[in-house]
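Analysis of the macromolecular model
So you can see what is in the structure, the chains are spelled out below.
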Amino acid sequence: MLYPAAMDGKQHNETDPFTHAIVRPPGATFSDGITSADLGRPDLALARVQHQGYVGALERCGLQVTVLDPDDRYPDATFVEDTAVMTREWAVVTRPGALPRRGETAAVGDELARRFPALFAMEPPGTLDGGDVMAAGARYFIGLSGRTNADGAAQLTRFLGDRGCSAVTIALKSLLHLKTGVSWLGGDTLLVAAELADCEAFAGFRKIVVDPAEAYAANCIRVNDHVILPGGHSHTKSALEAAGYPVIPVDVSEFRKMDGGVSCLSLRF
Ligand code: GLY
């Protein structure tokens, strides 16, 4: 479905800093969400405090943050990244792969429709989670995962191709999402977990490989002049700082319990 009309646009690149983010605080049912982490139930009060800290980190990076209302019908709705793929010029509302998450897109779609003259929405049988889509400028990498299927990847690939962007798919083995294991740091540099370090699709990139003991830190976000990194990962923090990236650590322990990382908690554009 395309409404109201397709638009051409340019992709975010390093000369287009992020200026905005959309987030959604955890709702009362947060601990009922999907998880394989086996780290115990999250503390909702602490999760809300950590979410505020995360918003503060985005603001420190210069972003204006729009906070959507929580929706207790959707325990995973705080992981707003999965509901859209977007740049400052265009947005695609996804069709999340997990059935209980599919309704999360309505509120995000409404917010995006206010901002974008055209909004593309993925159609069945395609499924795609935004966490499976990593942009490196005009190059896109799409993870084929338990959430993102070949049809969803193909729909996004066509959409990107119409806008002058390339896309390649990467079949994931054990990762929940592609960005669980890799983050673009700008230019030709990736922060990558061991599982993806030798991935053919990333040949030609300079890679900072995450210590396996800190694999969770492979999911970080480069936001303008900083990298927002999950706290408590000192080796990764040191490696990033040694490579010249100022790091803002954020405590996201309660989101980790629900299989979420720092990228999952926002849409940035
Ligand atoms: N709990 C986040 C997800 O499974 O998508």
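Heads up: these notes are all about the structure in this document. A quick note: this is a predicted structure, and the numbers were derived from the prediction, not measured. Just so you know, the residues in each chain are numbered from 1, in the order the chain's sequence is written. Residues qualify for local features only when their pLDDT is at least 70, as the model is predicted, and side-chain atom pairs are given and counted only at 80 or more; totals for whole chains, interfaces and linings, by contrast, use all residues. As a convention, hydrogens and water are excluded, and side-chain values are obtained from all of the structure's heavy atoms.

Description of the pairing of strand 14 (residues 226-230)
Test applied: Exposure categories follow from relative accessible area, calculated using a 1.4 Å probe and restricted to protein chains: below 20% of the type maximum is buried, above 50% is exposed, and the middle band is partly exposed. Counting from the N terminus, the helices are DSSP H or I runs at least four residues long and the strands are E runs at least two residues long. Between any two strands, pairing holds if DSSP finds at least two bridges. Crossover handedness is defined by viewing with both strands directed away from the observer: a clockwise path from the first strand over the helix to the second marks the crossover as right-handed.
Of all five residues in strand 14, five are buried; the element is thus mostly enclosed. Here strand 14 shows a buried face lined by His 226, Ile 228 and Pro 230 and a second buried face lined by Val 227 and Leu 229. In this sheet, strand 14 lies alongside strand 13 (residues 221-223) in antiparallel orientation, the contact comprising three bridges. What sits directly across from Arg 222, in strand 14, is Val 227. Linking strand 13 to strand 14, which pair antiparallel, is a turn of two residues; within it Asn 224 sits at a positive phi near 55°. Pairing of strand 14 with strand 15 (residues 247-250), which is carried by four bridges, proceeds in the parallel orientation. Within strand 15, the position partnered with Ile 228 by the bridge is Ile 248. Traced from strand 14 through helix 4 (residues 234-242) to strand 15, the parallel crossover comes out right-handed.

Focus on the nonpolar core
For soluble globular proteins, the rule of thumb is that nonpolar side chains tend to be buried together. Quick reminder of the rule: Nonpolar cores are built from buried Ala, Val, Leu, Ile, Met, Phe, Trp, Tyr and Cys residues. Side-chain atoms within 4.5 Å join them into one set. The contact definition used throughout considers only heavy atoms, calling two residues in contact when any of these lie within 4.5 Å.
Ranked by size, the top nonpolar core spans 38 residues in total, and within it Leu 58, Ile 228 and Leu 240 carry the most contacts. Excluding its chain neighbours within four sequence positions, the residues that come into contact with Leu 58 are Ala 21, Val 23, Leu 63, Val 65, Ile 221, Val 223, Ile 228 and Ser 266. Ranked by size, the runner-up nonpolar core spans 16 residues in total, among them Ala 136, Phe 141, Ile 170 and Leu 175.

Examining the sheet that holds strand 14
What counts here: Simply put, an axis is a line fit to the C-alpha atoms, just over the touching stretch for a helix, and the angle between two N-to-C directions goes from 0 to 180 degrees.
The mixed open sheet is built from three strands, whose spatial order is 13-14-15. Two strands bound the open sheet, and with one partner strand each, they are strand 13 and strand 15. Mean inter-strand twist for the sheet, computed between neighbouring axes without regard to direction, equals 30°. Where helix 1 (residues 44-60) meets the sheet, its contacts fall on strand 13, strand 14 and strand 15, and the angle it forms with strand 15 comes to roughly 165°.

Considerations on helix 2 (residues 105-115)
Rules: In this context, the arc is that of the directions from the helix axis out to the C-beta atoms.
Of the residues making up helix 2, those classed as buried are Thr 105, Val 108, Gly 109, Glu 111 and Leu 112. Buried residues along helix 2 cover an arc of 165° about the axis, so they all sit on one side.

Some thoughts on the side chain of His 51
Topologically, His 51 is positioned in helix 1. Owing to a relative accessible area of 3%, His 51 belongs among the buried residues under this scheme.

Describing the site of the ligand
Here is the rule: One heavy atom within 4 Å of a molecule or strand makes the whole residue count as near it. By the criterion applied in these results, polar contacts are pairs of N or O atoms within 3.5 Å in which, for protein atoms, one can donate a hydrogen and the other can accept it, and in which residues neighboring in sequence qualify only through two side-chain atoms. Accessible surface area values rest on a Shrake-Rupley calculation with a 1.4 Å probe, where residue burial reflects the displayed protein chains alone. Put simply, Ala, Val, Leu, Ile, Met, Phe, Trp, Tyr, Cys and Pro go in the nonpolar bin, Asp, Glu, Lys and Arg in the charged bin, and everything else, Gly too, in the polar bin.
As a matter of local geometry, the ligand sits amid Ile 34, Asp 76, Phe 79, Arg 101, Arg 147 and Met 258. Contact distances for the ligand include 2.7 Å between a nitrogen atom and a side-chain N or O atom of Asp 76. Protein burial of the ligand: of its 200 Å² of free accessible surface, 99% is covered by the chains. Looking at the shell around the ligand residue by residue, the classes come out as three nonpolar, no polar and three charged.

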